[in-house]
Structures are given as C-alpha cells and as structure tokens.
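# A closer look at the structure
Here are the chains, one letter per residue:
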Amino acid sequence: MEFRFVGCGDAFGSGGRFNTCFHVAGDSANFLIDCGATSLVALKRQAVDLNAIRTIFVTHFHADHFGGLPPFILDAQFFSKRTEPLTVVGPPGTEDWLVRALETAFPGSSTVFRKFETRLVELEPKTPADIDGVTVTGCRVSHGNPRGPFFGYRFEVEGRVIAYSGDTEWTDSLVDLGRKADLFVAEAYFRDKKVPLHLDLASLEEHLEEISPKRLVLTHMSEEMLARRGEVPYECAEDGLVLTL
C-alpha cells in the first residue's frame with residue numbers, strides 16, 4: 001500500500017506547499033484524505049489517476065481541507081469523464097457544505113446532471129463505518145466550535161491502520177485515534193509555541209509514549225516549524241512524498 005502526501009501545507013502556503021491532501025492506494029482501496037483548495041492541481045502534477053479514486057474522506061470544512069472538492073467533481077464531470085461512483089465522507093453537515101461549496105465556487109453546479117453517482121456519507125463520532133473496503137472511525141478534535149464539527153480519522157484498511165489528527169489543538173481523543181497505528185500523520189504547526197486550535201509538537205511529544213505509533217510523520221507545518229524541522233527526530237512530510245506501508 002502506498003500513502004502519498006499530495007499536499008501537506010497549511011492554509012497559507014507556508015513553504016510553498018499545497019493544501020492538505022493525502023492519497024492512499026492498495027490492492028483494492030483507493031481514497032483521498034482531505035481535498036484542499038489546491039488539490040486538483042497537485043494531483044495532476046503528481047499524475048495520480050483521478051478516476052481510480054473511489055472515496056474522499058473530509059476532516060472539516062475549511063478551504064485548505066475541503067475547498068478542492070468542487071474542482072475535483074467538475075473535472076470528473078467534464079474532463080476526466082468519470083463513470084464510476086464517487087463517495088464523499090465527512091462529519092455531520094457534509095452534504096449541506098458540499099452543496100454550498102459547489103454553488104459558491106461554480107453557481108448552478110450542484111444541480112447539473114453527472115454521468116457518475118455522487119454518494120454522501122455523514123459519520124457519527126466514534127462509530128466505525130465500512131465504506132468502499134475501508135473501516136473508518138471519526139473522532140471529534142478541537143479546531144473551533146465543536147458543532148463545526150472537526151474530525152480526526154482512524155482507518156483500518158488491508159490489514160493496516162492509518163491515523164490522521166486533522167487540524168486540532170491537543171485533545172485526549174488523539175490517544176485512542178493514533179494508538180499503535182502503522183502510520184500516524186499528525187499536525188505540528190509549531191515546535192513549542194502553544195496556540196488555540198492547532199497542535200504543537202511539544203504537546204504531542206508529551207503523549208507519544210502513550211500513543212505509541214509504529215511510524216509518525218509530521219504535517220501542516222507553519223513557516224516557523226518548517227525552519228526548525230531539521231531539529232526534530234521525526235519524519236516530516238513533503239509534497240509528493242510516498243510511503244510504503
């Protein structure tokens with residue numbers, strides 16, 4: 001199985017990186033985790049087969065994690081000539097937010113006929129769901145008003161466990177989310193500085209022994225954190241980095 005960092009940047013292009021988008025492809029599974037505003041450009045630059053992607057899991061509705069869905073769907077409709085169903089999965093409110101995003105980006109696009117089915121699945125927190133060959137559990141994290149809502153994810157797929165923190169300040173839900181995962185992708189917006197709604201590496205380190213992931217990769221780094229990534233003893237994501245799991 002391959003895990004590709006299509007984009008690992010923050011909302012503001014720190015380090016010239018694309019917005020958050022991860023691609024997971026195995027024997028049968030093929031899905032994205034988040035689809036930020038720049039994701040379609042990044043996916044095409046990295047020659048990812050768009051029509052092979054079966055599912056897009058969305059952590060929350062900020063543009064750098066969700067804003068790439070309208071271009072992705074319209075590209076599938078008009079240029080990639082998609083015919084297979086596409087499943088979009090997210091927290092409660094996903095269906096409403098997707099319509100709003102489509103109408104904001106391309107007025108009228110939410111009601112245009114498509115040659116492929118678009119399935120919408122809204123997850124309840126801490127309730128595992130089997131979707132397109134993937135068992136996924138969403139848990140609430142702390143990135144704003146909890147009614148947002150904001151999710152981190154734990155995926156069980158083809159005998160492996162992948163966890164992703166999403167955007168969040170430290171919250172104890174990250175312990176169960178990432179526990180003993182084969183891969184834990186965690187936000188590290190700052191090295192030591194604590195700010196509301198985002199995770200600093202120092203806070204994560206306080207709980208790493210308890211989480212005990214088999215592999216940790218840091219993502220969503222600010223300019224300050226990018227400048228200091230050589231100081232930390234963990235893998236740091238780069239756009240285009242591919243991991244074999």
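Residues numbered from 1 in each chain as written. Predicted model: local features only at pLDDT ≥ 70, side-chain atom pairs only at ≥ 80, totals over all residues. Heavy atoms only, no water.

### Thoughts on the pattern of salt bridges
The full count for this structure, using the stated rule, is 14 salt bridges. Residues R228 and D192 are paired through a salt bridge, measuring 3.4 Å at the closest nitrogen-oxygen approach. Of the two residues, R228 sits in helix α8 (residues 223-228) while D192 sits in the loop between β11 (183-187) and α6 (201-205), which places them 36 residues apart along the sequence. Residue E224 is joined to R228 by a salt bridge in which the shortest nitrogen-to-oxygen separation is 3.5 Å. With E224 and R228 both in helix α8 and four residues apart, this pair spans about one turn of that helix. Exposure remark for R228: the relative accessible area of 23% places this residue in the partly exposed category. Linked by salt bridges that have partners in common, R191, D192, E205, E224, R228 and E231 make up one network. (Salt bridge = Lys/Arg side-chain N within 4 Å of Asp/Glu carboxyl O. Helix = DSSP H or I, 4+ residues; strand = E, 2+ residues; numbered from the N terminus. Buried < 20%, exposed > 50% of the residue type's maximum accessible area, 1.4 Å probe, protein only.)

### Some remarks on the nonpolar core
Core analysis: the largest hydrophobic core is formed by 28 residues, its most contacted members being F3, F5, F31, F57, F155 and I162. Broken down by element, this core gets its largest block of residues, four residues, from strand β9 (residues 151-157). Excluding its chain neighbours within four sequence positions, the residues that come into contact with F31 are F22, H23, V24, I53, T55, F57, V134, F155 and V157. (Core = buried A, V, L, I, M, F, W, Y, C linked by side-chain atoms within 4.5 Å. Contact = heavy atoms within 4.5 Å.)

### Focus: the side chain of S109
Within the fold, S109 resides in the loop between α4 (94-105) and β6 (118-122). S109 gets classed as buried once you look at its relative accessible area, which sits at 6%. In contact with S109, not counting residues within four places along its chain, are L74, L102, E103 and R114.

### Thoughts on helix α3 (residues 69-78)
In terms of burial, α3 is largely enclosed, as eight of its 10 residues are buried. Within α3, burial applies to L69, P70, F72, I73, L74, D75, A76 and Q77. Packing partners of the buried residues in α3 comprise β3 (30-33), α1 (39-45), β4 (55-57), α2 (63-66), β5 (86-90) and α4.

### Structural notes on the UniProt feature "domain: Metallo-beta-lactamase" (unreviewed entry) in the protein chain
The sites that carry the UniProt feature "domain: Metallo-beta-lactamase" (unreviewed entry) are, in the present numbering, residues 18-220. End C-alpha atoms of residues 18-220 are separated by 10 Å, and the span's content is 24% helix alongside 26% strand. (UniProt positions renumbered as here; feature names shortened; annotations may be inferred.)

### Focus on a nonpolar patch on the surface
On the surface, F78, F79 and V112 cluster together into a nonpolar patch covering about 330 Å² of accessible area. What makes F79 exposed here is its relative accessible area of 65%. (Patch = residues over 30% accessible without salt bridge, like charges linked within 9 Å, V, L, I, M, F, W, Y side chains within 5 Å. Areas by Shrake-Rupley, 256 points an atom, 1.4 Å probe, with all protein chains shown as cover.)

### A short note on the pairing of strand β2 (residues 21-25)
If a strand is regular, its side chains alternate between the two faces of the sheet. In terms of burial, β2 is largely enclosed, as four of its five residues are buried. Alignment of strand β1 (residues 2-7) against β2, held across five bridges, turns out to be antiparallel. Across the sheet, the residue bridging to F5 is F22, located in β2. Direction of pairing for β2 relative to β3: antiparallel, over a ladder of four bridges. Residue pairing in the sheet places A25 in a bridge with N30 of β3. Hairpin geometry of β2 and β3 is characterised by an intervening segment of four residues between the two adjacent antiparallel strands. (Pairing = 2+ DSSP bridges.)

### Observations concerning the packing of α3 against α4
How two helices pack is summed up by the angle between their axes together with the distance between the axes. Between α3 and α4, the least distance of the axes is 9 Å, while the angle of their chain directions is 75°. Taken as axis vectors, α3 and α4 run roughly perpendicular relative to one another. Of α4, the residues touching α3 (which contributes L69, P70, I73 and L74) are L98, A101, L102 and A105. Grouping the constituent residues of the contact of α3 with α4 by class yields eight nonpolar, no polar and no charged. (Axes fitted to C-alpha atoms, helices over the stretch in contact; angles between N-to-C directions. Parallel < 35°, antiparallel > 145°, perpendicular 65-115°, else oblique. Nonpolar A, V, L, I, M, F, W, Y, C, P; charged D, E, K, R; others polar.)

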